[in-house]
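Observations on the model geometry
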Amino acid sequence: MNGRVIGRIAALLLVAPVGLGFAPAASAATVTTLYYSSSGAPDYLAQIDQGAANWNAAVTDVKLVKRSTGATIKFHEIHSGGSYTNTNGHGRGDIYLDTSQVAEGYDPTRIAAHELGHNLGLPDHYTGPCTELMSGHGPGTACKNAKPDATEAAKVQSLWVNGLVAARTEALATVR
């Protein structure tokens, strides 16, 4: 083959994908994957997974993935004292689900999703309505909403838009 034929073939290969409806892949946004383990809360495996799925459906810059080892977010089951999280708000922490709160009527999926919200950087807002996930136990046992609202999702998006911020030397905070 001469140089002209090779040049034409190369040109066709560059143009053909566009002509066939294929475009070059756009650069993907940064997605940070956080791993959680629910093995320490065996009575609430499905509810924890659903809480994580609710966050995954609401945000795109961070994804929660279940993992048995190497997780940075770990769930534990306790039997008094209220559910809470020890976290730095940067995707690391220990979440404690209180079985006595579930026995009182609080929704375990809402508890799990709420506590995951702290690990994603959100504070409590107990005076908020049931539609706000971070209102936690404020709306009472009748509230079963386990999905973040648009404002909560947007805040998490803004916190994670550039991926996980370099770990700071800050103490873990306990958040209920």
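Everything below is about the structure shown above.
These lines cover the structure that appears in this document, whether it is placed above or below. (Residues numbered from 1 in each chain as written. Predicted model: local features only at pLDDT ≥ 70, side-chain atom pairs only at ≥ 80, totals over all residues. Heavy atoms only, no water.)

**Structural notes on the overall build of the protein chain**
- Each helix and strand in the protein chain was counted, giving 5 helices and 6 strands.
- In the protein chain, the succession of α and β elements from N to C terminus is α-β-α-β-β-β-β-α-α-α-β.
- In the protein chain, of all internal contacts separated by at least 6 residues, the share reaching a separation of at least 24 is 61%.
- Of the roughly 9,500 Å² that the protein chain leaves accessible, carbon and sulfur atoms contribute 60%. (Helix = DSSP H or I, 4+ residues; strand = E, 2+ residues; numbered from the N terminus. Contact = heavy atoms within 4.5 Å. Areas by Shrake-Rupley, 256 points an atom, 1.4 Å probe, with all protein chains shown as cover.)

**Quick notes on the state of the cysteines**
- Enumeration over the complete set of coordinates arrives at 1 disulfide.
- Linked covalently through their sulfurs, Cys130 and Cys143 form a disulfide whose S-S length is 2.0 Å. Taking the sign of the S-S torsion, about 85 degrees here, the bridge from Cys130 to Cys143 comes out right-handed. Within this pair, whereas Cys130 is found in the loop between helix 4 (108-119) and helix 5 (150-160), its partner Cys143 is found in the loop between helix 4 and helix 5, the two being separated by 13 residues in sequence.
- For Cys130, a relative accessible area of 27% translates into the label partly exposed. (Disulfide = S-S within 2.5 Å. Buried < 20%, exposed > 50% of the residue type's maximum accessible area, 1.4 Å probe, protein only.)

**A word on helix 4**
- In a regular helix each residue adds 1.5 Å, so 12 residues correspond to 16 Å; helix 4 covers 17 Å between its end C-alpha atoms and thus fits that length.
- For helix 4, a buried count of 12 out of 12 residues is recorded, marking the element as mostly surrounded by other parts of the structure.
- All buried positions along helix 4 are accounted for by Pro108, Thr109, Arg110, Ile111, Ala112, Ala113, His114, Glu115, Leu116, Gly117, His118 and Asn119.
- The opening residue of helix 4 is Asp107, an N-cap whose side-chain oxygen sits 3.3 Å from the backbone nitrogen of Thr109.
- Remark: Gly121 follows helix 4 within two positions and exhibits a positive phi of approximately 110 degrees. (Expected span 1.5 Å × (residues − 1). Polar contact = N/O pair within 3.5 Å; in protein donor to acceptor, adjacent residues only side chain to side chain.)

**Description of the nonpolar core**
- Trp55, Leu64 and Phe75 are the most contacted members of the largest nonpolar core, which has 25 residues in total.
- At the level of elements, strand 1 (32-40), helix 2 (45-58), strand 2 (62-66), strand 3 (73-78), strand 5 (93-98), helix 4 and helix 5 are the ones that each hand at least two residues to this core.
- For this core, the element with the most residues is helix 4, which contributes 4 residues.
- Residues contacting Phe75, with those up to four places away along its chain left out, are Tyr36, Ser37, Ser38, Gly40, Ala41, Ile48, Ile95, Leu97, Ala112 and Leu116. (Core = buried A, V, L, I, M, F, W, Y, C linked by side-chain atoms within 4.5 Å.)

**Here's the deal with the packing of helix 2 against helix 4**
- The contact between helix 2 and helix 4 brings their axes to 8 Å, and the two run at 50 degrees. Considered as vectors, helix 2 and helix 4 are oriented oblique to each other. When you trace helix 2 past helix 4, the crossing you get is right-handed. The segment helix 2 lies against helix 4, with Gln47, Ile48, Gln50, Gly51, Ala52, Asn54 and Trp55 engaging Pro108, Thr109, Ala112, Ala113, Leu116 and Gly117.
- Along the lines of polarity and charge, the residues of the contact of helix 2 with helix 4 split into 7 nonpolar, 6 polar and no charged. (Axes fitted to C-alpha atoms, helices over the stretch in contact; angles between N-to-C directions. Parallel < 35°, antiparallel > 145°, perpendicular 65-115°, else oblique. Left-handed = near helix turned anticlockwise from the far one by under 90°. Nonpolar A, V, L, I, M, F, W, Y, C, P; charged D, E, K, R; others polar.)

**Looking at the pairing of strand 3**
- Where strand 1 lies against strand 3, 3 bridges are found, and the strand directions are parallel. By the bridge assignment, Gly40 is partnered in strand 3 with His76.
- Pairing geometry for strand 3 and strand 5, over 6 bridges, is parallel. Looking at strand 5, one finds that Ile78 is bridged to Asp98. (Pairing = 2+ DSSP bridges.)

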